[in-house]
Every structure is written in structure tokens, then in C-alpha cells.
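Here is what each chain is made of, one letter per residue.
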Amino acid sequence: MEKKDQNDKSKSIHDILPLELIHGILLRVPTRHLARLRCVSKLWCSLISDPYFAELHFHHSPAATNACFFIENPTMAYLVYLDDNDASQKEVCPPCQKKPPYDFEVLGSCRGFILLDRHPHFLVVWNPLTGFSKKISYSHIVPCRKYLDFRLTDSTHLHGFGYDASQDDYLVVAAWGDSESQEDHLECLSLKTNSWINLDAALPNPLGIYDGRSRGLFLNGAIHWVSSHLKDYKDAILIFDLKERTFSMISAPEQLPTSAYFYASLALLGGCLALYYHNNDSYKTHIWVMKEYKVQCSWTLYQIPSLGGFQPLCLSSNRYIIGRFYQVTGYFMYNASGDLLMNFKNLCYSFDATETVYTESLLRLPSNIKDKDN
């Protein structure tokens, strides 16, 4: 009997559980915990580090981790995990740290990568979980503007970050105007080829209705923008298809107001496109969610009581709306009826910093893209 107990103790978890079962269990583990589990054994490290596993986990894991990312100062950034079951925060250091510290602006996120604008005239693609970062210059478009304060966050009509699955390539899109020639230009950066592509011919007109706040939202292989000053619900949302490299439009809900003080923004809620704005008459933030992509009749309205405007960030694991107010500290969770369920008071928050909702992943950039900074 003692000999049998000794044999049982000498067995590893791999002798007890089949590899397929271990694989299935790990697919259900939140991403930020997977990074630590690589230390369990060489087998687990190999399994979790496999690019195929990372892709499978990102698409099929029921434990997707959403975080609000913002940079507090040049040497400190925060990931605030927003969920009713696991609300927490983590301090991280921005990449490419040198002396003196660089000024960063957050441009967006896609599939676990955050896109940063670093002074002067550099883009940085960064995965905070794995530590991978890549720096790319966009100085070639600065001379056209005749001044050195050009930033993608402030000086472009449109900018966005997305993924072209057909080419396994991450793309950065920027549209800007030449003040001298009065012409608009469209540039597309391929991280796979590390080159900028001119796509002026694809530009829609006019671009003047968009400004630096028109940060693109990536969904279903395309980047989406909405003008901050909508005049009509028809063709209100501009779409750039990353595979076809073409623009198209979809309409907003017909009930959209068109007053002079109306400002609209886009969000991604539970994998669905959402358009939101503050209604001054009802003192509520109206959140329209497109339940079926590009199906006009699928727009569904949710209303959150708010005096100064509410910004929806993501859905919790229980499908509740989590967001922040522009003039109130903290994060708040509401149900579909607009009832307040929870106030996350003790999480880091910034009124001034530009944030992005970041979905953690172990994904890597294509193998031919090297980390130049490391």
C-alpha cells in the first residue's frame, strides 16, 4: 500500500490528465494568468507559447479579459480590469524607455496590441502582457504639413488600427490634409512589410467633417469612424475595409438627434458596434447597439442616467454595461434598464489621459516582424 502511494506521488499532472484535457482547461484560463502558468513545466510553457494556442485562446476562450488602458505619465501606465467578478488594476511601464522620458498618446488597440503615438513622429505597437514592442517612424508625412508639432492624435482627420486576416497583417490607417494644396491624403502602414502605402484614390469626400477625435474602432475586419458633429443619420458611420482597402458607409438609427450641440462616439460592446451620445433633453446617455452587423433594423437603444455624459467602455461577463462619467471619478456598472449595480471607486482613473479598451492576448505579430527596440 505504501509503495502504491509513493508511485502516485511521483506521478506528474501529465501522467494523470491527458494532454487534450490540459489544453481544454488552459483555454478557459484568463489571459493574464496564463503568463504565470508557463512556469509550471516545460510542456505547459511550450503549449501556452504556441502561436496556434494563442490564436485559439483569443477567439474561443470564454474568459476574455477586458481592461481600460491609459498612460498616467511618461513612465507609468495602468491596466484597469473591468468586470463584476474580477475588478482590479495593474501598473505597467510604457515601452521604449530612454532618458529623457518620451511623451505618449494612446491611438487605439487591436487583438491584444496597443498603438501609441510617441514624440517625435513615431508609432509604437506594444503588447503589455508579453512585453513585445515595435517602433515605426511616420516622419515622412511631417514635411508636408510644414510644422513639427504634427501628431496623429491631433493633426489627422482619421486614424485607426486594425487587422487584415486575409494577409495576417496589422495595419495603421491615417488620413490628413495638406493645408497648402488643400488636398487630402490617405496613408496605410503594413506592419508585415514595414512600409507605408499611399491610398489617396480610395478617399471619400469630404473629410472635413472628421477631426482628430475621430479615432477608429476595429470590428469585423474594418475600421469605423463617426463624425463628432452628425447632421443626418443616413451614411453616418464611415467604414474602411482592410482587405479590400475601400470605404463604405452605414446609417445610424433614424431617431438620432441632429442638434448643433450633438456629439456622437463609437464603442464596442460585447462584440457589437455601438453609437452613443448625451441627450440634453432627457439627461441620459443614449447607447444604440447594432445587434446584427450592418442590419439597420437591429439598432437597440439603452439609456443611462447622466448629467454630464457617460462613456460606455465594455460589457461585463454578465453582460452589464461598464463605463465612466466625464466629471465623476470611478467606473460604474449598469444593467440594460439603466439601473446602477456597482461603483468601482478604488480603481485608478484619469480625467485627462486618453484611454483605450484593451483585450489581453498572447498573440504575436507575424514572425517576419522583428522587435527593433529590443
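Below or above, wherever it landed, is the structure these notes cover. From a predicted model like this one, the values you see are computed outputs, not experimental measurements. (Residues numbered from 1 in each chain as written. Predicted model: local features only at pLDDT ≥ 70, side-chain atom pairs only at ≥ 80, totals over all residues. Heavy atoms only, no water.)

## Structural notes on the sheet that holds strand β7 (residues 133–137)
Formally: Between any two strands, pairing holds if DSSP finds at least two bridges. Only runs of H or I of at least four residues qualify as helices and only runs of E of at least two qualify as strands under DSSP, and these elements are numbered from the N terminus. A fitted line through C-alpha atoms represents every axis, and for helices the fit uses only the stretch in contact; the resulting angles, taken between N-to-C directions, go from 0 to 180 degrees.
Taking strand neighbours across the sheet as the criterion, the four strands line up as β4-β5-β6-β7 in an open arrangement whose pairing is antiparallel. Lying at the two open borders of the sheet, with one neighbouring strand each, are β4 (104–110) and β7. Each neighbouring strand pair of the sheet contributes to a mean axis angle of 20 degrees, computed without reference to strand direction. Here six bridges tie β4 to strand β5 (residues 113–118), and the two strands are oriented antiparallel to one another. Counterpart to cysteine 110 in the pairing with β5 is phenylalanine 113.

## Brief notes about the pattern of salt bridges
For clarity, the cut-off: Salt bridge, as applied in this entry: a Lys or Arg side-chain nitrogen positioned within 4 Å of an Asp or Glu carboxyl oxygen. Summary of the burial criterion: residues with accessible area below 20% of their type's maximum are buried, those above 50% are exposed, and those between are partly exposed, where the area comes from a 1.4 Å probe applied to protein chains only.
The tally for this structure, following the rule as stated, stands at two salt bridges. Two residues, glutamate 55 and arginine 111, come together in a salt bridge whose shortest N-O distance is 3.2 Å. One end of the pair, glutamate 55, is in helix α6 (residues 51–60); the other, arginine 111, is in the loop between β4 and β5, and 56 residues separate them in sequence. Using a relative accessible area of 27% as the deciding quantity, one classes glutamate 55 as partly exposed. Relative accessible area serves as the criterion here: at 10%, arginine 111 is assigned to the buried category. We note a salt bridge from glutamate 355 to arginine 324, for which the minimum N-O separation is 3.0 Å. Note that glutamate 355 is positioned in strand β24 (residues 355–359) and arginine 324 in strand β21 (residues 321–325), a separation of 31 residues in sequence. A residue is classified by how much of its surface remains accessible, and glutamate 355, at 9% relative accessible area, is buried. For arginine 324, a relative accessible area of 5% corresponds to the buried category.

## Comments concerning the sheet that holds strand β14 (residues 237–241)
Reading across the sheet, the four strands line up as β12-β13-β14-β15 and stay open at both edges, with antiparallel pairing between neighbours. With one partner strand each, in any of the chains shown, β12 (217–219) and β15 (246–250) form the two edges of the open sheet. The mean inter-strand angle of the sheet, taken between neighbouring strand axes irrespective of direction, is 30 degrees. Of the strand pairs in this sheet, strand β13 (residues 222–226) and β14 are connected by five bridges, and their pairing is antiparallel. Looking at the pairing, tryptophan 225 lines up with leucine 238 of β14.

## Description of the side chain of asparagine 279
Operational definition: Residues adjacent in sequence count toward polar contacts only when both atoms are side-chain atoms; beyond that, a polar contact is any pair of N or O atoms within 3.5 Å, and within protein one must be able to donate a hydrogen and the other to accept it. Only heavy atoms enter the contact rule, under which two residues are in contact if any of them lie within 4.5 Å.
Counting through the fold element by element, asparagine 279 comes out in strand β17 (residues 272–279). Since its relative accessible area comes to 15%, asparagine 279 is described here as buried. Polar side-chain contacts of asparagine 279 include one of 2.9 Å to the backbone nitrogen of aspartate 281. Look past the residues within four positions of asparagine 279 in its chain and what remains in contact with it is Lys284 and His286.

## Some remarks on the packing of aromatic side chains
Keep this limit in mind: The aromatic pairing rule takes the rings of Phe, Tyr and Trp, using the six-membered ring of Trp, and pairs them if the centres are within 6.5 Å, calling planes under 30 degrees apart stacked, those over 60 edge-to-face and the rest tilted.
According to the stated counting rule, one finds 12 aromatic pairs in the structure shown. Arranged with centres 5.7 Å apart and planes meeting at 75 degrees, the rings of phenylalanine 69 and tryptophan 126 form a pair that is edge-to-face. Of the two residues, phenylalanine 69 is situated in strand β1 (residues 66–73) and tryptophan 126 in strand β6 (residues 122–126); the sequence distance between them amounts to 57 residues. There is no split in this pair, since phenylalanine 69 and tryptophan 126 are both buried.

## A few points about the environment of leucine 34
Residue position: leucine 34 is located in helix α4 (residues 31–37). Its relative accessible area of 0% is what places leucine 34 among the buried residues. Not counting the four nearest positions on each side in its chain, leucine 34 is found in contact with Leu26, Val29, Ile48, Phe53, His57 and Leu362.

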